[in-house]
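# Understanding the architecture of this molecule
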Amino acid sequence: METYLERIVEKSDGLKLYQSTDGFSFINGERIAQLVLAFETYGTLNENKSNVILIHHAFSTHSHVASHKKNKNEGWWEHMVGSGKPINTDDFYVICINNLGSCFGSSSPAIIDEETELPYNCNFPVYTFEDVVNSQKQLLDYLEISELHTVIGPSLGGMISLTWAVKYPQMVQRLISISSSARAFPSNNANRSLQREIIMLDPEWNNGNYIKNPVRGLKAARKLGLYTYRSTAEFDSRFHLELTNQNPKRLRTDREEVENYLEYNATKFVSNFDVNCYLYTLQMMDLYDIRNGYGSFKNALSRITADVLVISVTTDKLFIPLQQKEIHEELIQAGVSSEYISHKSAFGHDTFLIETEQMGAYIESFIRKELK
């Protein structure tokens, strides 16, 4: 009989790899011969496996949500997860899985196709949020975990968490959605369309068959994304424009302070993110609508049996508060127990990464509450 270690390999840095040679079938009928999911765990699983918190990461992050003994590098939610922290690993067993399609260890356009011995690139199957959730369900089934105390996700991770609660309601007891949405809005798709076009105009992209990552297009697209992650108020208070010559004799080539900020962060990002994974995930978000397959919000959301907390940020211009209000109001209409918090902040969409003390207080209070 196959043992746990035959399918899950732990690397020296604590990153675990689930490898299934049974393959994986996508919603659109396509299939890959092997499914690989990278994930990290924190805390101790209790005897009846009832203390599991599943955290879903945002677009550009990964499974390293916090530091641990085998990897002391700071995680993307370092101040939220750990011993004595809001998501307390003394009490909970935390799992964070690198999403299907992401380029940090899981099956994606960046991995090698065993048949061609080349990267999949744009031959990788198009994936949806339902595919992401189904792949994670396969891993949890293998771990014999059938109950999730809480699923939680910010931004794109909130969409995955909501999809989990709709698709597998019997497993999810609590759901926390932060700065997220129940469907793509036209403004969201317009933003992503511009990013996609910028990337595809880079000749090095070569219809997805590039030799080296086309960093010029990806960097410019990332700058546009970065602009939407922070609020206008923060940009205006953080950066200062110098008095300039109002009668220049040539086109300026120097950068303002805010441009240096965008350049630094975009350069850092493109050094480790694959451009086709970026494009595929943009498309997944374009196609997202929790009503797909159900016909209406009520039909979809009434499947949820979990208690829900929806958190919005007043200055979020990527997923505006209206999108979180829609989730909460449609949940109430569907008869689901839902709480709504409007968090005031100057940091925009990225508030969940910055104001972790306040966000942590909301989260800790909710996961400690008795179910209604």
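In this text, all values refer to a predicted model and were calculated from it rather than measured experimentally. (Residues numbered from 1 in each chain as written. Predicted model: local features only at pLDDT ≥ 70, side-chain atom pairs only at ≥ 80, totals over all residues. Heavy atoms only, no water.)

### Thoughts on the overall build of the chain
Helix and strand content of the chain: 12 helices and 15 strands. Considering only C-alpha atoms, the chain reaches an extent of 75 × 50 × 45 Å along its principal axes. Looking at the chain as a whole, 55% of its 372 residues qualify as buried. Relative to all contacts within the chain whose residues are 6 or more apart in sequence, the contacts with residues 24 or more apart total 71%. A total accessible area of about 17,400 Å² is found for the chain, and carbon and sulfur atoms account for 50% of it. Mean positive and mean negative side-chain charge positions of the chain (36 and 46 charges, respectively) differ by 4 Å. (Helix = DSSP H or I, 4+ residues; strand = E, 2+ residues; numbered from the N terminus. Buried < 20%, exposed > 50% of the residue type's maximum accessible area, 1.4 Å probe, protein only. Contact = heavy atoms within 4.5 Å. Areas by Shrake-Rupley, 256 points an atom, 1.4 Å probe, with all protein chains shown as cover. Lys, Arg positive; Asp, Glu negative; His and termini not counted. Charge placed at Lys NZ, Arg CZ, Asp CG, Glu CD.)

### Focus on the sheet that holds strand 15 (residues 338–343)
Pairing in this open sheet of nine strands is mixed, and the strands run 1-2-5-9-6-12-13-14-15 from one edge to the other. Edge strands, defined here as strands with exactly one partner in the open sheet, are strand 1 (8–10) and strand 15. If you compare each strand with its neighbour and ignore which way they point, the axes differ by 20° on average. Bridge analysis of strand 6 (residues 52–55) against strand 9 (residues 93–97) gives four bridges, and the strand direction is parallel. In the sheet register, Ile53 faces strand 9, and the bridge partner there is Val94. Across the sheet, helix 2 (residues 129–142) is in contact with strand 1, strand 2 (16–20), strand 5 (35–42), strand 6 and strand 9; its angle to strand 5 comes to roughly 65°. (Pairing = 2+ DSSP bridges. Axes fitted to C-alpha atoms, helices over the stretch in contact; angles between N-to-C directions.)

### Considerations on the packing of helix 5 (residues 215–229) against helix 7 (residues 257–270)
Where helix 5 meets helix 7, the axes come as close as 9 Å, and the angle between the chain directions of the two elements is 125°. The pairing of helix 5 with helix 7 is recorded here as oblique in orientation. Relative to helix 7, helix 5 is oriented so that their crossing is right-handed. Of the residues in helix 7, those touching helix 5 at Val215, Leu218, Lys219, Arg222, Lys223, Leu226 and Tyr227 are Leu262, Glu263, Asn265, Ala266, Thr267, Phe269 and Val270. Residue classes in the contact of helix 5 with helix 7 are distributed as eight nonpolar, two polar and four charged. (Parallel < 35°, antiparallel > 145°, perpendicular 65-115°, else oblique. Left-handed = near helix turned anticlockwise from the far one by under 90°. Nonpolar A, V, L, I, M, F, W, Y, C, P; charged D, E, K, R; others polar.)

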